[in-house]
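# Tertiary structure, described
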Amino acid sequence: MTQQLGLPESILACLFDLDGVVTRTAVVHAAAWKETFDVFLREREGEDFRPFDSVNDYDEYVDGRPRADGVRTFLASRGIELPEGKPDDPPDAPTVNGVGNRKNAVLLEKIRAQGVEAYEGTLRYIEAVRADGLRTAIVSSSANTLDVLRSIDAEHLFDVRIDGVVAAERGLPGKPHPDTFLAAARDLGVEPSRAAVFEDALAGMDAGRSGHFGYVVGVDRVGQTDALFAHGADIVVKDLAELGGGA
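Since the model is a prediction, treat every value here as computed from it, not as a measurement. (Residues numbered from 1 in each chain as written. Predicted model: local features only at pLDDT ≥ 70, side-chain atom pairs only at ≥ 80, totals over all residues. Heavy atoms only, no water.)

### A few points about the environment of glutamate 47
Structurally, glutamate 47 can be placed in the loop between helix H1 (26-45) and helix H2 (56-62). On the basis of relative accessible area, glutamate 47 is assigned to the exposed category, the value being 61%. C-alpha of glutamate 47 to C-alpha of glycine 79: the two residues are 32 residues apart in sequence and 18 Å apart in space. (Helix = DSSP H or I, 4+ residues; strand = E, 2+ residues; numbered from the N terminus. Buried < 20%, exposed > 50% of the residue type's maximum accessible area, 1.4 Å probe, protein only.)

### Overview of the nonpolar core
By size, the foremost hydrophobic cluster in this structure holds 30 residues, and its most contacted members are Leu7, Phe16, Val22, Tyr125, Phe158, Phe198 and Leu240. Residue assignment for this core shows that the elements contributing at least two residues are strand S1 (13-16), helix H5 (120-131), helix H6 (145-151), strand S4 (195-199) and strand S5 (215-219). At five residues, the largest contribution of residues to this core is made by H5. If you look at the next biggest cluster of nonpolar residues, it comprises 19 residues, including Ala13, Leu15, Val139 and Leu172. (Core = buried A, V, L, I, M, F, W, Y, C linked by side-chain atoms within 4.5 Å.)

### Things to note about the pairing of strand S2 (residues 135-139)
Where burial is concerned, most of S2 is hidden: four out of the five residues are buried. Examined bridge by bridge, S1 and S2 share four bridges and lie parallel to one another. The residue bridging alanine 13 from the neighbouring strand is arginine 135, located in S2. Pairing analysis gives three bridges linking S2 to strand S3 (residues 160-162), with the strands arranged parallel. Across the sheet, alanine 137 pairs through a bridge with valine 160, a residue of S3. In this region the chain leaves S2, passes through H6 and returns to the parallel neighbour S3; the handedness of that crossover is right-handed. (Pairing = 2+ DSSP bridges. Right-handed = clockwise from strand over helix to strand, strands pointing away.)

### Let's talk about helix H9 (residues 202-210)
Because an α-helix packs 3.6 residues into every turn, residues spaced three or four apart end up facing the same way. Counting buried residues in H9 gives seven out of nine residues, a clear majority hidden from the surface. On its buried side, H9 packs onto H2, helix H8 (179-188), S4, S5 and helix H10 (225-230). Downstream of H9 by one or two residues, histidine 212 has phi in the positive range, about 55°. (Contact = heavy atoms within 4.5 Å.)

### Considering the pattern of salt bridges
In the structure shown here, the tally under the stated rule is 18 salt bridges. Among the salt bridges present, the one from lysine 175 reaches aspartate 17, with a minimum N-O distance of 3.1 Å. Here lysine 175 is found in the loop between helix H7 (164-170) and H8, whereas its partner aspartate 17 is found in the loop between S1 and H1, with 158 residues between them in sequence. Neither lysine 175 nor aspartate 17 differs from the other in exposure class; each is buried. The closest approach of N and O atoms between lysine 110 and glutamate 35, which form a salt bridge, is 3.3 Å. Residue lysine 110 is located in helix H4 (residues 96-114), and its partner glutamate 35 is located in helix H1; the two are separated by 75 residues in the primary sequence. (Salt bridge = Lys/Arg side-chain N within 4 Å of Asp/Glu carboxyl O.)

This is how it looks when you write it as structure tokens:
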């Protein structure tokens, strides 16, 4: 292990998730999902509906997944199946894409109201990684990744961006499939075994493990260390400052 960065010496590139690793937006996403699903379930089942759990349901069914996959996976857990619809379905459409677009509208409203805050320890760690000659990529299911990075002045910290927009253009399945991380490593010109994945979502851990990456760092922001290890983390930290790099 290199003392400076807390990574195996074989690692040449670092692949970072956005929400919950670089930015403090995971809680905002969870709140947006809860508001969206609770409205949907109330309209469908009445006032006796079982609300969306913004911890357990969020971690198990939507965290880290592309928006439409999150809708399908959670609703399937409640025995609900909707037609797919079209990507530009209005937010009130009773389709997978409609529910997903409602969630995105709620999310953007919350971000506009609350702003976006970065984890300073992560930004300093990424700067140290780059100063040490390692290449970097941002890998996120969010279609708003570029806007979020620009809002925290962090776009320049990444050589490659694989996000919801790029994944759709290339037809890449999202996490827990490893394809978006594999695409980032490929764009950086690095074998997966020479790249480290940094994730806070269980779906991201699954992607890191199934993609056979050289090192998988779990970032525990919400007290799920055991689950991160169970899903494939090599190490779990509460903040990237724990890894070193002067962070």
